[in-house]
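Given next are the chains, with one letter for each unit.
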Amino acid sequence: MAVFFVCLDTINSQISVVSFELLALARQLADQAGGSVEALAVGSVSEEDLSGLGVVDKLHHAAADTDGYIPEVYRHAVGKVLQSVDSVAIFIPYSTAGMEISSALAHDSGRELVSYCQMVKARDGDFEAISMLHASRIKARTSAPSGTIFAMLPGAADADAGRKAGATDIVPVELGELAAKTRIISHHAPDPDKLNLSKVEKIVCVGRGIGSKDNIADAEELAELLGAEIAGTRPVIDAGWLPKERQVGKSGKRVSPKLYIALGVSGAPEHLEGMSGSDLIIAINNDNSAPIFATAHYGVTADLFEVLSELADALRC
Amino acid sequence: MKIVVALRLVPDLSEDIEFNEEGTGLDTEWIDIKLNEFDDYALEEAILLGEANEAEVIALTPDVDGADRLLRTALARGAHKGIKLSVGPESKMDARVLAPLFASAAKDLGADLVLTGVQSPDDLFGPLTGYLGASLDWPFAGAIAGTRIGNGAIVALQEYNGGHSAELELQLPAVLGIQAPSKPMRYVSGTKMREMMSAQFVSITASSQPGKTSADIEEMSVPSHQGQTKMLSGDGEAVATAIAKILKDRGLTAS
């Protein structure tokens, strides 16, 4: 029976949203092929999430003796499990763990690997994958044989369809003696005393297109007029223009406010992952091919400083 | 201590995008190239580590057009040495193809630590960090946003979704995929760049063969990004008025 395999991603014992999306995709493909869904979890998984794995026929669970994610341990676990599972497709979230494990697994197993996948479908016994490259400026269609590893971007399927109450057959994975050369020194969770962008209703987010730290004052003025919080994309945070707690995206906050105004934000997948659930997205960018326009509800191709100035005047009226 | 930083040139798509005749790849003849942004961060982190620990930083890049210019920039930034890595007639330059070459060169150079960017925008067949770590069978970690040397090991801050992170300690030798440097990128003066203009670089041949590329690309294209987006047009005042009306109609102006 064809096995569609999902490598689950966990943080603090919680299975990630993208992992549930991949379970939904795997279930859909398995049902079409008359196959089954198997998954791997490494480390502890909450009881709530374990009870939501009803779409999984078999869960391989490596209850690793580590308090968190260690790349070598995950590499060892997935390599060991896949030696005995004849998978036709392996899905991995394009997360911190998934990025590095996918290529290590491809090296170790000799399997094909296709990354940045937005969509995968079965085609004549093989697979067709659509990937988004160069921050979604290029779309690539690839033909991938049975057994391929797919590193998947968020949004490939509905996570709710992958989260279904029900029992799954849990098989423990014995890791044996593994002399890992990596250890975790400390964990850091977001500071609860600092601003939590996930809970605010309006956000004005600046991207690299804002140009400089000084220019952020114009965006802050708009935020103040709207009663919104200012936020930034990864490059803006890395440049030290805004503090880390104001980062939206994959390694920042996942937000879904009533209003999200994106100023000079190109719309890399890592950023879209954090804000695409916003109720109303207005994007202003001078590049009409910016991928943010695929997600925004309203778009403006213009000099953002000119629009900012006029918008501030209009809101004061 | 010796730090090798693996650098890759990638197409600069800020201008028009052209594809080859088959439609399966970019037409690279007329396209500009630039240093992969995350490799740039890796270079910065390597130099920071080098400065803090009196380590030698070696910039290593495939011997292709633009390699000399890239290595001169790396020297101006603070790298101690630049080396070109011969890739022969290999036309495909994805991470899977390059990983064995970078890995064997790093070993031959006596690297204690290899840094590279956590990802590249053209990594269709997977990112380099995992390939390098597995090829060398060294401990590895990506999405790193800060490093320091401690107890003879490398301590690295690995970032996860939702603002979570962990400090990992990896025994050396090790491979790290850098997501962001510990400090903002340094400014390099024109004078410093001009000082490096005459620098020459040796080209070395890796003791391994290139890796095998992955699945077949059938088509590359520019996706449409404006499917359901309502584009507002007009001058600055017109679009600002339209946005203000949308916000007021939805009760989203300040209360």
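This one's a predicted model, so the numbers in the text were calculated from it and none came from an experiment. (Residues numbered from 1 in each chain as written. Chains lettered and ligands numbered in written order. Predicted model: local features only at pLDDT ≥ 70, side-chain atom pairs only at ≥ 80, totals over all residues. Heavy atoms only, no water.)

Asks: Explain the overall build of chain A residue by residue, including any values.
Replies: Secondary structure summary: chain A contains 9 helices and 17 strands in total. A compact globule built from 317 residues would reach a C-alpha radius of gyration of about 20 Å, and chain A, at 21 Å, matches this within 12%. The C-alpha extent of chain A, read off along each of the three principal axes, is 65 × 45 × 35 Å. Taking the contacts inside chain A whose residues are at least 6 apart along the sequence as the reference set, 63% of them involve residues at least 24 apart. Positive and negative side-chain charges of chain A, numbering 27 and 42 respectively, have mean locations separated by a distance of 2 Å. (Helix = DSSP H or I, 4+ residues; strand = E, 2+ residues; numbered from the N terminus. Rg over C-alpha atoms; globule rule 2.2 N^0.38 Å. Contact = heavy atoms within 4.5 Å. Lys, Arg positive; Asp, Glu negative; His and termini not counted. Charge placed at Lys NZ, Arg CZ, Asp CG, Glu CD.)

Asks: Describe the overall build of chain B, naming the residues involved and giving the relevant values.
Replies: A tally of regular secondary structure across chain B gives 6 helices and 13 strands. Seen through its principal axes, chain B has C-alpha atoms that stretch 65 × 50 × 40 Å. Within chain B, the fraction of its 255 residues that count as buried is 55%. Partitioning the contacts of chain B with sequence separation of at least 6, the portion at a separation of at least 24 is 71%. When the 21 positive and 37 negative side-chain charges of chain B are each reduced to one mean point, those points stand 5 Å apart. (Buried < 20%, exposed > 50% of the residue type's maximum accessible area, 1.4 Å probe, protein only.)

Asks: Tell me about the interface of chain B and chain A, and name the residues and values.
Replies: Many descriptions give the size of an interface as the accessible area lost when the pieces come together. Facing the 81 residues of chain B at the interface are 88 residues of chain A. Together chain B and chain A conceal approximately 7,200 Å² of surface at their shared face, both sides included; 57% is due to carbon and sulfur atoms. Where chain B touches chain A, the interface holds 9 salt bridges. As a salt-bridge pair, Glu169(B) and Arg183(A) come within 2.9 Å of each other at their nearest N and O atoms. The tally of links from chain B across to chain A stands at 40 residue pairs in polar contact (both at pLDDT 80 or more). (Buried area = accessible area lost by both parts, 1.4 Å probe. Salt bridge = Lys/Arg side-chain N within 4 Å of Asp/Glu carboxyl O. Polar contact = N/O pair within 3.5 Å; in protein donor to acceptor, adjacent residues only side chain to side chain.)

Asks: Provide a residue-level description of empty space enclosed by the protein, including the pertinent values.
Replies: If a probe as big as a water molecule is rolled over the atoms, it shows which places are left empty. Taken as a whole, this structure holds 4 cavities of 30 Å³ or more when the rule is applied. Considered as a void within the structure, the largest cavity measures approximately 40 Å³ in volume. Lining the largest cavity are Thr96(A), Met99(A), Glu100(A), Val118(B), Pro127(B), Thr129(B), Gly142(B) and Ala143(B). Residue assignment for the lining of the largest cavity shows that the elements contributing at least two residues are α4 (96–109) of chain A together with β7 (140–150) of chain B. Counting residues per element, the lining of the largest cavity draws most heavily on α4(A), at 3 residues. A class-by-class count of the residues in the lining of the largest cavity yields 4 nonpolar, 3 polar and 1 charged. (1 Å grid on protein atoms, 1.4 Å probe; cavity = no way out; pocket = protein on both sides within 12 Å on 5 of 7 lines; lining within 4 Å. Points joined across faces, edges and corners; volume = space filled by probe spheres on them. Nonpolar A, V, L, I, M, F, W, Y, C, P; charged D, E, K, R; others polar.)

Asks: Tell me about the packing of aromatic side chains, residues and numbers included.
Replies: Residues and elements named next belong to chain A. Within this structure, the stated rule accounts for 7 aromatic pairs over all chains. Note on phenylalanine 4 and phenylalanine 127: the rings are 6.3 Å apart at their centroids and 90 degrees apart in plane angle, and the pair reads as edge-to-face. Here the residue phenylalanine 4 occupies a position in strand β1 (residues 3–7), and phenylalanine 127 occupies one in strand β8 (residues 126–133), the gap between them amounting to 123 residues. The buried category is assigned to phenylalanine 4, whose relative accessible area is 4%. The class of phenylalanine 127 is buried, set by a relative accessible area of 3%. Aromatic side chains tyrosine 69 and tyrosine 74 sit 6.2 Å apart centroid to centroid with 65 degrees between the ring planes, which places their arrangement in the edge-to-face category. Judged by its relative accessible area of 7%, tyrosine 74 falls in the buried class. A cation sits over an aromatic face here: arginine 163 above phenylalanine 20, 3.9 Å from the ring centre. (Phe/Tyr/Trp six-rings, centres within 6.5 Å; stacked < 30°, edge-to-face > 60°. Lys NZ or Arg CZ within 6 Å of the ring centre and 35° of its normal.)

Asks: Report on the confidence of the model for chain A, specifying residues and quantitative values.
Replies: Here chain A averages 93 in pLDDT, and 100% of its residues register 70 or above. Averaged pLDDT values for the elements of chain A fall to 88 in helix α8 (residues 269–275) of chain A and rise to 98 in β1(A). (pLDDT = per-residue confidence, 0-100.)

Asks: I'd like a rundown of the packing of helix α3 (residues 71–83) of chain A against α4(A), residues and numbers included.
Replies: Residues and elements named next belong to chain A. One can describe the packing of α3 onto α4 by two numbers: an axis separation of 10 Å at closest approach and a directional angle of 45 degrees. By the angle between their directions, the pair α3 and α4 is classed as oblique. The two elements α3 and α4 meet at a crossing, and its hand is right-handed. When α3 is examined against α4, the residues Pro71, Tyr74, Arg75, Val78 and Leu82 are found in contact with a partner set consisting of Glu100, Ile101, Ala104, Leu105 and Asp108. Residue classes in the contact of α3 with α4 are distributed as 7 nonpolar, no polar and 3 charged. (Axes fitted to C-alpha atoms, helices over the stretch in contact; angles between N-to-C directions. Parallel < 35°, antiparallel > 145°, perpendicular 65-115°, else oblique. Left-handed = near helix turned anticlockwise from the far one by under 90°.)

Asks: Can you tell me about the state of the cysteines, naming the residues and giving the values?
Replies: All names here are of chain A. Enumeration over the complete set of coordinates arrives at 0 disulfides over all chains. Looking at the unpaired cysteine 117, the closest cysteine sulfur is the one in cysteine 7, lying at 14 Å. Residue cysteine 117 is classed as buried on the basis of its relative accessible area of 0%. (Disulfide = S-S within 2.5 Å.)

Asks: Describe the confidence of the model for chain B, and please don't skip the residues or the numbers.
Replies: Counting all residues, the mean pLDDT for chain B is 92, and 98% of those residues have values of 70 or more. Two summary scores accompany this predicted model of the complex, namely pTM at 0.90 and ipTM at 0.92.

Asks: Talk me through the pattern of salt bridges; I want residue IDs and the actual numbers.
Replies: Two side chains bearing opposite charge may form a pair once their charged atoms approach each other closely. Taken as a whole and judged by the stated rule, the model has 32 salt bridges over all chains. In this structure, the salt-bridge partner of Glu112(A) is Lys212(B), at a minimum N-O distance of 3.2 Å. Here the residue Glu112(A) occupies a position in the loop between α4 and β7 (113–123), and Lys212(B) occupies one in the loop between β11 (202–205) and β12 (216–221), the pair thus bridging two chains. By relative accessible area, which is 16% here, Glu112(A) ends up buried. Here Lys81(B) and Glu56(B) are joined by a salt bridge, their closest N and O atoms 3.6 Å apart. In this pair, Lys81(B) is assigned in strand β5 (residues 81–86) and Glu56(B) in strand β4 (residues 56–62), connecting sequence segments 25 residues apart. Judged by relative accessible area, which is 38%, Lys81(B) ranks as partly exposed. Accessibility expressed as a relative area gives 24% for Glu56(B), which makes it partly exposed. Within the structure, one salt-bridge network assembled from shared partners comprises Arg123(A), Glu128(A), Arg141(A), Glu218(B) and Glu219(B).

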